[in-house]
Structures are given as structure tokens and as C-alpha cells.
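Coordinates in review
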Amino acid sequence: MEMKNYLIETFQYNDFANKLVLKKIAELQQPSECIHLFSHLINCQYKWLNRILIYPKISTLDWWNPVYVYENLEEEWDKSLQYWIEFINSKTEVQLFENVIWLGIGNAPYAAPLKDIPLQLNYHSIHHRAQMQVLIRQQGLIPDFVDYIGTIYKKLAV
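Here goes a summary of the coordinates provided. (Residues numbered from 1 in each chain as written. Predicted model: local features only at pLDDT ≥ 70, side-chain atom pairs only at ≥ 80, totals over all residues. Heavy atoms only, no water.)

Okay, the nonpolar core next. Of all hydrophobic cores here, the largest spans 38 residues; its most connected members are Ile25, Phe38, Ile52, Trp84 and Met132. Counting residues per element, the ones that place at least two in this core are helix H1 (3-25), helix H2 (32-54), helix H3 (70-89), strand E1 (99-103) and helix H5 (116-138). At 11 residues, H2 tops the list of elements feeding residues into this core. With near-sequence residues (within four places) excluded, isoleucine 25 lies in contact with Pro31, Cys34, Ile35, Phe38, Tyr70 and Met132. (Core = buried A, V, L, I, M, F, W, Y, C linked by side-chain atoms within 4.5 Å. Buried < 20%, exposed > 50% of the residue type's maximum accessible area, 1.4 Å probe, protein only. Helix = DSSP H or I, 4+ residues; strand = E, 2+ residues; numbered from the N terminus. Contact = heavy atoms within 4.5 Å.)

Here you go:
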């Protein structure tokens, strides 16, 4: 499988799983912490793309703000995701393995293969989705099943 397809498939899986969590957030009595984490995922997608597109300038976007109102989360998520899918689709396989530079901690320059940034975003999404699943369970709801293997592959008929 080409890296481009792998990255897009990974974004698509995270989109599916995150939207299940998003629907569950609507049922919470105290949704604010989940809304904060979900907003953070959106902001990370915006900030990472901004970082690599504006280098050598410093991104002024924040990791944690804004915190979106629940009613805007899905729209903002879709928008941030679409930017990444379009960006990845605009690259060749070779370009995905080329280093990109951004300003990171202490405004110091960092470099990594481009493919590692969408991987970071997707792995980071898994981390915070798990946190939201715990918060959902703590509020007495049963989280939706979002395991990759169990949602992508189906049981065979015998």
C-alpha cells in the first residue's frame, strides 16, 4: 500500500471513530472536558498544517484554544480533516518521505519526514479519544466500540 493511501485511510478511520465519540458527548450531563479534548484535536490539525505551511514563520495558532461549542465541533472537525486530506492528496509519494521543517519548542527549527506529521495527528487522536471514552464511562454511559480491527474487518460467515 502506498503511504498516501495509508495516511488517508488512517484519517478516515479516526474520523469514523471520533464521530462516534462526538455523538456520545451529546448525551453527557457534563460534556465540557470532552468538548475541550475534541476541540484540542481540531486545533492540533489546524496548527500542524499551519506550522509546516508558514515556515520559517512562527505559528500563532494555539493547541487548546479555541474551545468550540458542541454544535460546531463536527463542522470544525470536518474542515480540519479535509484540509489534511487535500494536502496529502497534493503530494507525491516521494514528497511524503521528504523532510519538512517547522518551528517547535522554544521556536527552534525541527525537521521530520512529512508523513510523520499526519501519523502524529492520528496517533494523538487515538490517545485523546481514549481519554474521552473514559470520561464517557465515568458519567455512566457505555462508550461505542471503536477498536480498529473490530470495526474495519467483519466476522466471516461459517
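Let us look at a nonpolar patch on the surface. Judged by side-chain polarity, Tyr148, Ile149, Ile152 and Tyr153 come together as a nonpolar surface patch covering roughly 430 Å² of accessible area. Relative to the helices and strands, isoleucine 149 is located in helix H6 (residues 148-152). A relative accessible area of 58% means that isoleucine 149 is categorised as exposed. (Patch = residues over 30% accessible without salt bridge, like charges linked within 9 Å, V, L, I, M, F, W, Y side chains within 5 Å. Areas by Shrake-Rupley, 256 points an atom, 1.4 Å probe, with all protein chains shown as cover. Salt bridge = Lys/Arg side-chain N within 4 Å of Asp/Glu carboxyl O.)

Let us now look at the packing of aromatic side chains. What the rule picks out here adds up to 8 aromatic pairs. Measuring from ring centre to ring centre gives 5.0 Å for tryptophan 48 and tryptophan 102, while their planes differ by 70°; the resulting arrangement is edge-to-face. Of the two residues, tryptophan 48 is situated in helix H2 and tryptophan 102 in strand E1; the sequence distance between them amounts to 54 residues. For tryptophan 48, a relative accessible area of 12% corresponds to the buried category. Through pairs of rings, three or more aromatic residues link up here, namely Trp48, Trp63, Trp102 and Tyr110. A cation sits over an aromatic face here: arginine 51 above tryptophan 48, 4.5 Å from the ring centre. (Phe/Tyr/Trp six-rings, centres within 6.5 Å; stacked < 30°, edge-to-face > 60°. Lys NZ or Arg CZ within 6 Å of the ring centre and 35° of its normal.)

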